[in-house]
Amino acid sequence: MEAEALGIRETLSWLKGLQFPCIILETDCLRVFQALVEQFSGPNGFGLIIDECRALPMSIREVQFSPQTESLSCITDKNSLLHCNKKMKREIVSEDYTCVHDRLSELSDDVLVNVLSCLTIQDAARTSILSSRWRYLWKWFTGCLNFHNSLTTAAHKFELRDDKVFDVERRKFVSWVNQVLRSLQSRTMEELRIRFDVTSDDDIHNWIKFAVEKKVRRLELNFRRFLAGRWEVGQYNFPPHFVSYSSFSSLTELSLINVAITGDILAHLLSYCPLLEVLSVIQSVCLKHLKVSGSLLKLKYLKLGYMEHLEIDAPNLISFEFNGPAKPICLGEVCLAEVSFGGSFSNYIMKNLCWLSSFLVRLHTLKLNLASPVIPAVAVYYNLPELYNLKHLEMEIDLLDDDHLLPCASFLNAATSLYKFTLKLYDVKPFAEWVQTIKDHVYSSLSELISIRELEVVGLEGCGADTDFVICLIENAELLEKIIIDPCKTRILGTPYESSYRECAEYQSNRRQAIQLAARLPLWEFVIL
């Protein structure tokens, strides 16, 4: 009896997210049915489950429980099916409504597996309780497997700084992944993503073997270290014997984070991936040299971390992200439309703008992380060609004084067709009294921002310097339509600590500053996150 009630609760939880207009849930357990319709309540486990079953239909439009055994669920609509009401009483509203059986279960197994493969693996597995017909269908799932421990998104609440405590969570995660992968019987799999601080080489080896056997199209292995300062400790070494034509010939996307792989193995892997379009390799201690080339290479998106030497000759490459040293890279036959540069390489870009002018003028999207730039002792204005193709400019800076805003001013004036400007602030500090504000700076004339429609600012604190610059942008952007302000610190954005930071007093104070700024400029539309 209690098991039947649990099944009804899980079914309602699953149906809640599917937004069906009307549901009939039938049960062959008379005592459960009576408890549901007679407002039964009790302090025991069964009573609590029944209470949850009665609460769930409140978030669904119309639900009725029935003692019939013809089918588990009957989904109806306003035009042709049986009307059900929230009072849990069966009644025919008009002669035009007719009862139908569960047509979904009448479909073939292949069709049902295709439907299940559009869900998450968790939701697909929950359908096993619907009936004996559905019990094992989820094991033929071919969709996207996305494994990530929920504690990584809320780790701040658990303070898992103790290695022993964290090892327990790590073992639970590995056991969960292994159990699911052993259960699946399909021949192919669309996607496999594993994100957690995992250190067991044998398990990772088996996961890669699974990806090879199932001909996975998109593979992500993200073993980023949870404990700060230990990302390089105990990296998993990518096995070279997997690099063959039969291994990854189906891959279209590969992402390796905190995985040790050499340039030779990676280049060899690329030569056997004729369909690969997306490649991301960051935080790899072994990757020092890499050559990306090949006339048949379909690579379109490339993201790489620090390395000493890089050569790229990929004719189909349109997007490139690189955080490397202040050294030149060899760009052969490429037609890049989007680039993102960070680390010391951004400083190299700023010092060699004149040499890179032919490269910059072709870009549609440019992202520069200048959070640790080398600012000249005497403020200089950066000479740039007209960036007539640039539509989106994103810049990350440390706002220590107004000289750090000079690169922004230079690029904004050069981008005559810019549609969106994103400014991400890191260390925002109040200026000393003698320092000029950006509005008065002799090098920062922003009178020609005639094309910008959207402005996004992340990390606004309202200390004066950041607010002055934002106001200057707004007042000089004649066609500005939308202003998005996110008071969250840029360093925290997208990390496991973001949700807790958005609840702290500092974030709330920054948000109030953003609201006050919006009140000062009532003619523009503000979106404050």
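Residues numbered from 1 in each chain as written. Predicted model: local features only at pLDDT ≥ 70, side-chain atom pairs only at ≥ 80, totals over all residues. Heavy atoms only, no water.

With that settled, the discussion passes to the pairing of strand S2 (residues 63-66). Both faces of S2 are covered, namely the face carrying Val63 and Phe65 and the face carrying Gln64 and Ser66. Strand direction decides the pairing type here: strand S1 (residues 23-26) and S2, joined by 4 bridges, are parallel. Paired with Glu26 across the bridge in S2 is Ser66. (Buried < 20%, exposed > 50% of the residue type's maximum accessible area, 1.4 Å probe, protein only. Helix = DSSP H or I, 4+ residues; strand = E, 2+ residues; numbered from the N terminus. Pairing = 2+ DSSP bridges.)

Glancing now at helix H7 (residues 201-213). The terminal C-alpha atoms of H7, which comprises 13 residues, lie 18 Å apart, in line with the 18 Å expected from a rise of 1.5 Å per residue. Residues of H7 that are buried: Asp203, Ile204, Trp207, Ile208, Phe210, Ala211 and Val212. Phi for Lys215, located one or two positions after H7, is positive at around 55°. (Expected span 1.5 Å × (residues − 1).)

Turning next to the sheet that holds strand S13 (residues 309-313). Taken in spatial order, the 3 strands make up an open sheet running S11-S13-S15, and their pairing is parallel. Because the sheet does not close on itself, it has two edges, and the strands there are strand S11 (289-293) and strand S15 (330-331). Where S13 lies against S15, 2 bridges are found, and the strand directions are parallel. Each bridged residue has a counterpart across the sheet, and for Ile312 the counterpart in S15 is Leu331.

This part covers the pairing of strand S8 (residues 253-257). Taking burial as the measure, the 5 residues of S8 include 5 buried ones, the bulk of the element. Side-chain alternation along S8 places Glu253, Ser255 and Ile257 on one buried face and Leu254 and Leu256 on a second face that is also buried. Pairing geometry for strand S6 (residues 218-222) and S8, over 5 bridges, is parallel. Across the sheet, residue Asn222 finds its bridge partner in S8, namely Ile257. Sheet topology note: the S8/strand S10 (residues 278-282) ladder contains 5 bridges and is parallel. Within S10, the position partnered with Ser255 by the bridge is Ser280.

The final tally for this structure, using the stated rule, is 0 disulfides. Unpaired in this structure, Cys144 has its nearest cysteine sulfur neighbour in Cys118, at a distance of 9.1 Å. (Disulfide = S-S within 2.5 Å.)

With that settled, consider the packing of aromatic side chains. What the rule picks out here adds up to 9 aromatic pairs. For the pair Tyr501 and Tyr507, a centre-to-centre distance of 6.0 Å together with 70° between the ring planes defines the contact as edge-to-face. Here Tyr501 matches Tyr507 in class, with each residue buried. Each residue in the set Phe320, Phe322, Phe341, Phe345 and Tyr348 is aromatic and connected to the rest through ring pairs, giving one cluster. (Phe/Tyr/Trp six-rings, centres within 6.5 Å; stacked < 30°, edge-to-face > 60°.)

On the surface, a cluster of nonpolar side chains totalling about 270 Å² of accessible area is made up of Leu104, Leu107, Val111 and Val115. For Val115, a relative accessible area of 39% puts it in the partly exposed group. (Patch = residues over 30% accessible without salt bridge, like charges linked within 9 Å, V, L, I, M, F, W, Y side chains within 5 Å. Areas by Shrake-Rupley, 256 points an atom, 1.4 Å probe, with all protein chains shown as cover. Salt bridge = Lys/Arg side-chain N within 4 Å of Asp/Glu carboxyl O.)

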